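# A look at the structure
If you want the building blocks of each chain, they are given just below.
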Amino acid sequence: MLLPWFKHLIPGVAVVTAALVSLAPAQAQSEAFDTLPDVTYWTDLCRLQANAEDYENALAACEQAIALEPENAAIWAQHSGILVSLAAFPDAIASANRALTFDPEQSLAIAYQCVAYTALGENETALDKCNNALRVNGNWGQENPALAWFYRGEILAQAQQYELALVAYERTLLLDPENSRVLTRQCDAYVALARPEQAIAACGSARAIDQQWGELGPAHAWTYQGQAHTQLAEYNQAIFAYDQAIALEPNNAFTWAAQGQVLEALRRNPEALVSYDRAVAIKADYALPLLGQCTLLNRLGSYEPALAACDAALDGDGDWGNRTLANAWNERSISLTQTQQYEEALASINRAVGIQPDYVAAHNHRSTIFWYLERYPEALAANQQALYLDDTYAPAWLTRGLIFRATGEYPHALAAYNQALALNPFSDWGWTNRSLVLWQLEQYGEALDSAERAIALNSDSVQAWYNKGVALSALGEYGGAIATYDKVLALDATNADALTGRGIAWVHLDDYTAAAADLEAALALNPDNSLAQETLTTLPETQPVESLSVPPPPPPS
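Residue numbering note: each chain is counted from 1, following its sequence as written. Restriction of local features to residues with pLDDT of at least 70 applies here, the model being predicted, together with a cutoff of 80 or more for giving and counting side-chain atom pairs; totals for whole chains, interfaces and linings are based on all residues. Heavy atoms from the whole structure form the basis of all side-chain values; hydrogens and water molecules are not counted.

## A few points about the environment of Trp 431
Our working definition: Secondary structure elements are taken from DSSP: a helix is a run of H or I of four residues or more, a strand is a run of E of two residues or more, and numbering for both begins at the N terminus. Residue burial is assigned from relative accessible area. The probe radius is 1.4 Å, only protein chains are included, and a residue is buried under 20% of its type maximum, exposed over 50%, and partly exposed in between. We call two residues contacting when some pair of their heavy atoms lies within 4.5 Å.
Note on placement: Trp 431 falls in helix α23 (residues 428–440). In this structure Trp 431 comes out as buried when scored by relative accessible area, which is 10%. A C-alpha to C-alpha distance of 31 Å links Trp 431 and Leu 291, two positions 140 residues apart in sequence. Among all residues touching Trp 431, those that are not within four sequence positions of it are Leu 421, Pro 425, Ser 450, Arg 453, Ala 454 and Leu 457.

This is the structure:
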């Protein structure tokens with residue numbers, strides 16, 4: 001009997017109980033044949049109906065054959081295979097045992113036991129059965145050892161023994177080379193072993209052959225190929241592969257989540273969020289895309305929805321994919337930090353480092369929370385732990401600079417920022433903060449250079465433009481300072497510090513009217529701005545600028 005064995009383990013198939021397995025043939029069969037004493041007729045009918053996937057009638061026919069020849073091992077093996085196809089796995093095991101009673105070298109029966117035990121999750125027993133079927137290598141009926149080799153590969157893959165699984169898949173393909181399901185599972189194993197080129201080739205072959213997919217399909221091959229392209233950092237090809245998979249199977253939450261991760265890596269945040277949202281719509285408790293939602297909403301500054309997404313992820317199904325539970329606690333802590341819930345944020349980040357003690361980013365964020373709480377010795381200790389784990393982690397050096405700035409240790413802060421920027425010269429935030437420290441050290445020319453480096457990287461940075469204005473004022477370049485403050489106010493019309501700085505620059509250019517207008521506007525926005533208040537009170541309408549006691553530009557925030 002040539003059973004379509006690649007379709008045995010189809011998720012969601014109900015187990016057929018013994019009560020449904022009647023020895024009587026289907027009523028559609030003529031009663032005239034009910035007692036036909038021709039075992040060949042019933043055996044052939046069983047085989048033909050099984051090949052047509054009419055398993056219930058095949059079962060009835062097979063049981064008529066058994067009634068006529070109850071000690072025929074081959075018929076019991078056929079019976080076992082049909083029960084496997086009906087997902088009646090315990091009954092399939094029992095039928096295979098009957099076959100082996102009459103023929104201990106009935107390899108097909110042993111192989112069906114392997115399949116049934118695999119479906120029942122008893123992988124150790126299943127592996128023993130598959131190995132035994134291959135060792136005996138006796139009667140395979142109209143099947144061949146490919147059945148046992150394939151399920152041996154499946155069991156080994158589930159045990160994450162992917163190299164051994166690949167050997168089994170290769171042996172399967174030697175016996176059945178035109179099998180898309182085996183090639184797709186081979187592709188998946190190559191992905192697991194981070195051998196993406198071979199994975200892409202196997203998935204491509206599966207789609208080219210396009211037959212014998214079993215419970216899989218071309219969408220699975222596209223999804224695994226997307227993972228392989230991701231491993232190669234071929235992100236556009238990965239997105240294309242996921243798009244093909246989604247077009248074929250739009251309700252696969254895994255594929256949507258995988259595509260979301262690629263888009264997230266490309267910083268295509270709104271598109272990534274759409275993919276994660278779709279994954280969650282399909283599977284509401286899927287932890288990986290819920291964490292993706294939290295991460296992206298944090299990145300986009302939507303901290304309260306991010307917190308809700310992180311909480312949902314932590315209550316989810318525990319499937320984190322290539323991320324971890326510690327990642328979720330870290331992202332939750334970020335949400336809480338940005339909503340100024342510092343103590344709860346600290347509790348969350350402590351969970352993250354407790355779960356994963358070598359989590360560098362979490363130790364660094366823990367340091368940041370202590371900085372917000374103005375607990376600087378603890379902040380420095382947490383920062384030191386992050387750098388102990390990885391002294392090439394640039395964000396930890398940036399945090400170290402923040403701590404030293406807060407404690408007024410500007411030379412140490414400058415050294416930290418220099419180290420951070422040596423590791424990552426493309427951090428506009430790093431250059432911005434370096435300019436602040438240089439201003440404090442009265443190195444105004446270098447402060448200006450750093451601010452301009454920051455602006456070159458991020459022309460919308462209000463703080464970087466403001467720092468440039470302060471540095472120009474300190475260098476006595478008041479016209480340039482005014483033009484720079486104009487840019488700040490174009491980006492943020494309510495920036496009271498920029499209005500104050502521009503007002504002071506106008507004082508130095510003898511334009512008291514413009515100075516008064518800016519200083520009054522600054523005080524309207526921030527009545528507690530002492531520098532604007534003091535400067536405004538020193539502005540007699542006719543007093544020359546040289547005789548005024550004008551305070552310096554405001555220090556950077």
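From this point, the discussion proceeds with the structure in view.
## Observations regarding the nonpolar core
Soluble globular proteins tend to pack their nonpolar side chains together in the buried interior. Spelled out, the test is: By convention a nonpolar core is built from buried Ala, Val, Leu, Ile, Met, Phe, Trp, Tyr and Cys residues, the set being connected through side-chain atoms within 4.5 Å.
With 71 residues, the main nonpolar core has Ile 82, Val 84, Leu 147, Ala 148, Tyr 151 and Tyr 169 as its most contacted residues. Top element by residues in this core is helix α5 (residues 107–119). It accounts for 9 residues. Core analysis: the next-biggest nonpolar cluster, separate from the first, contains 43 residues, Trp 431, Val 437, Ala 496 and Val 507 among them.

## What to know about the state of the cysteines
Defined as follows: Pairs of cysteine sulfur atoms within 2.5 Å are identified as disulfides in what follows.
Inspection of every chain in the model, using the stated rule, returns 3 disulfides. A sulfur-sulfur separation of 1.9 Å characterises the disulfide bridge that pairs Cys 114 with Cys 130. Classification of the bridge connecting Cys 114 and Cys 130 rests on its S-S torsion, roughly -85°, and on that basis the disulfide is left-handed. Here Cys 130 lies in helix α6 (residues 123–136) and Cys 114 lies in helix α5, a separation of 16 residues in the sequence. Classification of Cys 130 by relative accessible area gives buried; the value is 0%.

## Things to note about the pattern of salt bridges
Once the charged atoms of two side chains with opposite charge are near each other, the side chains can pair. Worth spelling out the cut-off: One speaks of a salt bridge when a side-chain nitrogen belonging to Lys or Arg is within 4 Å of a carboxyl oxygen belonging to Asp or Glu.
Scanning the model with the defined rule gives 17 salt bridges in all. Salt-bridge contacts for Arg 181 lead to Glu 215; the nearest nitrogen and oxygen are separated by 2.6 Å. Placement of the pair is Arg 181 in helix α9 (residues 180–192) and Glu 215 in the loop between α10 (196–209) and α11 (218–231), with a sequence separation of 34 residues. Exposure remark for Glu 215: the relative accessible area of 25% places this residue in the partly exposed category. The closest approach of N and O atoms between Lys 283 and Asp 317, which form a salt bridge, is 2.7 Å. Here Lys 283, found in the loop between α14 (269–282) and α15 (287–299), pairs with Asp 317, found in the loop between α16 (303–314) and α17 (325–338); they are 34 residues apart in sequence, far enough to count as distant.

## Regarding the layout of surface pockets
Put simply, the rule is: Using protein atoms alone on a 1 Å grid, points that fit a 1.4 Å probe yet trap it form a cavity, whereas open point sets bounded by protein on both sides within 12 Å along at least five of seven lines form a pocket; residues with an atom within 4 Å of a point count as lining. Grid points are joined across faces, edges and corners, and a volume is the space filled by probe spheres set on the points. Residue polarity is assigned by list, with Asp, Glu, Lys and Arg as charged and Ala, Val, Leu, Ile, Met, Phe, Trp, Tyr, Cys and Pro as nonpolar; anything else, Gly included, falls into the polar class.
Of the voids in this model, the largest pocket is the one considered here, and its volume is about 1200 Å³. Considering the residues around the largest pocket, the lining is formed by 30 residues, among which Arg 267, Ile 334, Asn 364, Tyr 393 and Pro 395 are closest to the centre. When the residues that make up the lining of the largest pocket are grouped by side-chain class, the tally is 12 nonpolar, 13 polar and 5 charged. The space that makes up the second largest pocket amounts to roughly 460 Å³. Gln 227, Phe 254, Ala 258, Gln 261 and Asn 322 are, among the 20 residues lining the second largest pocket, the residues nearest its centre. Secondary-structure elements contributing two or more residues to the lining of the second largest pocket are α9, α11, α12 (235–248) and α13 (253–265). Ranked by the residues each element gives to the lining of the second largest pocket, the list is headed by α13, at 7 residues.

## Regarding the side chain of Lys 468
Turning to its location among the elements, Lys 468 is positioned in helix α25 (residues 462–474). Ignoring any residue separated from it by four or fewer positions in sequence, one finds Lys 468 in contact with Leu 448, Ala 451, Glu 452, Ile 455 and Thr 484.

## A short note on unusual backbone geometry
Here the phi dihedral of Ala 87 falls at roughly 65°; this positive angle occurs in a residue that is not glycine. Turning to its location among the elements, Ala 87 is positioned in the loop between α3 (73–85) and α4 (89–102). Taking relative accessible area as the criterion, Ala 87 reaches 3% and is therefore assigned buried.

## As for the packing of α25 against helix α26 (residues 478–491)
What counts, and what does not: With axes taken as lines fitted to C-alpha atoms, and helix axes fitted only over the stretch in contact, angles between N-to-C directions fall between 0 and 180 degrees. Put simply, angles under 35 degrees are roughly parallel, angles over 145 are roughly antiparallel, angles from 65 to 115 are roughly perpendicular, and the rest are oblique. Each crossing gets its hand from how the near helix is turned against the far one by less than a right angle, where anticlockwise is left-handed and clockwise is right-handed.
Following both chains from N to C, one finds α25 and α26 inclined at 165°, their axes separated by 8 Å at the closest point. On the basis of the axis angle, α25 is roughly antiparallel to α26. Where α25 crosses over α26, the handedness of that crossing is left-handed. Contacts between α25 and α26 involve Val 462, Trp 465, Tyr 466, Lys 468, Gly 469, Val 470, Leu 472 and Ser 473 on the former and, on the latter, Tyr 478, Gly 480, Ala 481, Thr 484, Tyr 485, Lys 487, Val 488 and Leu 491. Broken down by class, the residue content of the contact of α25 with α26 amounts to 10 nonpolar, 4 polar and 2 charged.

The quantities given are spatial measurements derived from coordinates; they are silent on function.
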